[in-house]
Amino acid sequence: MSAAPVLRLRGLDVHYGRGRGRRAALRGVDLDLAPGETVGLIGETGSGKSTLARTVLGLVRPTSGTLSLAGEDVTAYGPRQWRALRRRGLVSYVFQDPLRSLDPDLTLGHSLAEPLLLQGLPGKEAAARAREFAPRVHLDADLLDRLPGEVSGGQRQRAVLARALVTEPRLVLLDEPVSALDAAHRVKILDILKDLRAQGVALLFISHDLGSVAGTADRIAVLHHGSLVEDGPAREVVTRPQHPYTKLLLASAPTLRGAGGDRATRARLRAALTA
Ligand code: ADP
Ligand code: MG
């Protein structure tokens with residue numbers, strides 16, 4: 001017997017705007033994440049990656065299709081049900097530009113304890129659990145008394161991760177979590193994510209750069225103009241991409257040797273896409 005997927009999207013459409021300004025940001029997206037699975041969601045700016053993440057968090061309402069979390073169909077949930085769901089800490093996220101997502105006036109310890117307080121844990125217990133949890137993301141517990149402005153960028157990033165993970169979520173959405181980091185920090189964060197996967201947490205790892213997720217993801221899904229054009233085992237997507245757009249991404253990924261990285265190949269692939 002296999003466990004219910006942590007995330008299941010079926011025929012998901014999301015539109016922004018009304019009347020003549022109405023635009024599709026997602027079109028008929030089908031996507032599953034099993035417990036412990038890491039899926040890399042790739043696509044260029046404007047392809048709908050953040051819209052998908054925001055929909056899974058209940059911040060954007062699907063126009064049609066269904067969204068299930070851990071076997072629960074949440075498609076029709078209203079704001080109150082979403083708030084209750086969020087408090088359970090089943091799904092958490094690290095958004096783009098995490099370095100700015102900590103309150104500058106709160107100590108790191110306070111920021112870490114906050115999601116636990118929201119779950120109804122008493123202050124002392126929340127603080128103790130935050131302190132206990134910090135080393136799991138290689139964050140020295142002594143740093144918890146400091147403000148975000150008093151620690152390094154890498155330490156802030158780990159605090160943001162710790163805050164997303166302290167409720168022990170089943171699914172974590174990482175929207176371009178490493179793009180703002182230098183190479184040394186990037187490697188550390190990727191190591192932490194590998195540990196998480198071993199603990200059964202499902203990860204949706206969002207990036208515009210295929211190269212940055214290819215080594216981490218079990219599966220790679222590719223968004224192009226709001227449609228999922230490819231979804232397969234990471235190795236297969238990298239070695240035998242099916243869709244011309246995936247081939248273009250591979251050719252453009254600086255860290256991967258895909259379907260040929262030269263300018264002529266990229267120009268040809270781009271032309272094939274717009275034909
Ligand atoms: P990505 O994260 O891949 O860059 P987004 O999901 O942010 O893509 O955006 C997908 C499309 O939806 C883009 O065309 C973007 O301009 C549009 N869009 C995103 N958010 C909004 C919004 N709040 N209102 C209207 N259009 C939006
Ligand atoms: Mg985005």
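Thresholds applied
- Residues numbered from 1 in each chain as written.
- Chains lettered and ligands numbered in written order.
- Predicted model: local features only at pLDDT ≥ 70, side-chain atom pairs only at ≥ 80, totals over all residues.
- Heavy atoms only, no water.
- Helix = DSSP H or I, 4+ residues; strand = E, 2+ residues; numbered from the N terminus.
- Buried < 20%, exposed > 50% of the residue type's maximum accessible area, 1.4 Å probe, protein only.
- Contact = heavy atoms within 4.5 Å.
- Areas by Shrake-Rupley, 256 points an atom, 1.4 Å probe, with all protein chains shown as cover.
- Phe/Tyr/Trp six-rings, centres within 6.5 Å; stacked < 30°, edge-to-face > 60°.
- Near = heavy atom within 4 Å.
- Polar contact = N/O pair within 3.5 Å; in protein donor to acceptor, adjacent residues only side chain to side chain.
- Nonpolar A, V, L, I, M, F, W, Y, C, P; charged D, E, K, R; others polar.
- Pairing = 2+ DSSP bridges.
- Axes fitted to C-alpha atoms, helices over the stretch in contact; angles between N-to-C directions.
- Core = buried A, V, L, I, M, F, W, Y, C linked by side-chain atoms within 4.5 Å.

Under an unreviewed UniProt entry, the protein chain has the name ABC transporter ATP-binding protein and belongs to Streptomyces evansiae.

J.: How should the overall build of the protein chain be read in this particular structure?
T.: Of the regular secondary structure elements, the protein chain holds 10 helices and 10 strands. Relative to its full complement of 275 residues, the protein chain shows a buried share of 47%. Nonlocal contacts in the protein chain, meaning residues at least 24 apart in sequence, comprise 64% of its contacts between residues at least 6 apart. Accessible surface, the protein chain as shown: approximately 13,600 Å² in total, 49% of it carbon and sulfur.

J.: Would you take a moment to explain the packing of aromatic side chains for this structure?
T.: Each aromatic ring pair is specified by the distance between its two centres and by the angle formed by the two planes. Tallied over the entire structure, the rule returns 1 aromatic pair. When the ring of tyrosine 77 is compared with that of tryptophan 82, the centres are 6.3 Å apart and the planes differ by 75 degrees; the resulting orientation is edge-to-face. Assigned by exposure class, tyrosine 77 and tryptophan 82 land together as buried.

J.: Would you explain the site of ligand 1 in this entry?
T.: Close to ligand 1 lie Tyr16, Ala25, Glu44, Thr45, Gly46, Ser47, Gly48, Lys49, Ser50 and Thr51. Between ligand 1 and serine 47 there is a distance of 3.3 Å, counted from an oxygen atom to a backbone nitrogen or oxygen. The side chain of threonine 51 places a nitrogen or oxygen atom 2.5 Å from an oxygen atom of ligand 1. When the free accessible area of ligand 1 is taken as 560 Å², the share hidden by the protein chains comes to 53%. Among the elements that make up the shell around ligand 1, the one with the highest residue count is helix α1 (residues 49-56) (3 residues). Here the shell around ligand 1 is composed, by residue class, of 2 nonpolar, 6 polar and 2 charged.

J.: How do you make sense of the sheet that holds strand β9 (residues 219-224) when you look at a structure like this?
T.: Hydrogen bonding along the main chain pairs the strands of a sheet, whether they run parallel or antiparallel. One open sheet holds the 6 strands; their spatial order is β6-β7-β8-β3-β9-β10, and the pairing between them is mixed. Edge strands, defined here as strands with exactly one partner in the open sheet, are β6 (91-94) and β10 (227-233). For this sheet the average axis-to-axis angle between neighbouring strands, irrespective of direction, equals 15 degrees. As judged from the 6 bridges shared by β9 and β10, these two strands associate in the antiparallel manner. When the bridges of β10 are listed, leucine 223 appears paired with leucine 228. Along the sheet, helix α9 (residues 244-252) contacts β3 (38-42), β9 and β10; its crossing angle with β9, the most-contacted strand, is approximately 110 degrees.

J.: Looking at this structure, I do not really get the sheet that holds strand β5 (residues 72-73). What am I missing?
T.: Strand order across the open sheet formed by 4 strands is β2-β1-β4-β5, with antiparallel pairing between neighbours. Looking at the sheet topology across the chains shown, the edges are occupied by β2 (23-33) and β5. Both strand β1 (residues 7-16) and β2 contribute to a ladder of 7 bridges, which runs antiparallel. Bridge pairing in β2 places leucine 9 opposite leucine 31. Sheet strands in contact with α1 are β1, β2 and β4 (64-69), and its direction is about 115 degrees off that of β1.

J.: Hey, could you run me through the side chain of threonine 216 in this one?
T.: The topology assignment puts threonine 216 in the loop between α7 (210-214) and β9. With residues up to four places along the chain from it excluded, the contact list for threonine 216 reads Thr38, Leu190, Arg197 and Phe205.

J.: Explain the nonpolar core to me, please; I cannot follow it from the model alone.
T.: When a protein is soluble and globular, its nonpolar side chains tend to lie buried together. Judged by nonpolar contacts, the single largest core of 46 residues is most densely connected at Leu161, Leu193, Leu210 and Ile220. Looking at this core element by element, the count peaks at 6 residues for helix α5 (residues 153-165). Apart from residues no more than four positions distant in its own chain, leucine 193 is found in contact with Leu161, Leu174, Leu203 and Phe205. Residues Val29, Val74, Leu85 and Leu173 belong to the second largest nonpolar core, which totals 31 residues.

J.: Just checking my understanding: could you explain the side chain of threonine 167 for this structure?
T.: Inspection of the secondary structure assignment puts threonine 167 in the loop between α5 and β7 (171-175). Taking relative accessible area as the criterion, threonine 167 reaches 14% and is therefore assigned buried. Here glycine 89 takes part through its backbone oxygen, which lies 3.5 Å from a polar atom of the side chain of threonine 167. Setting aside its immediate chain neighbours within four residues, threonine 167 contacts Gly89, Pro115, Leu116 and Gln119.

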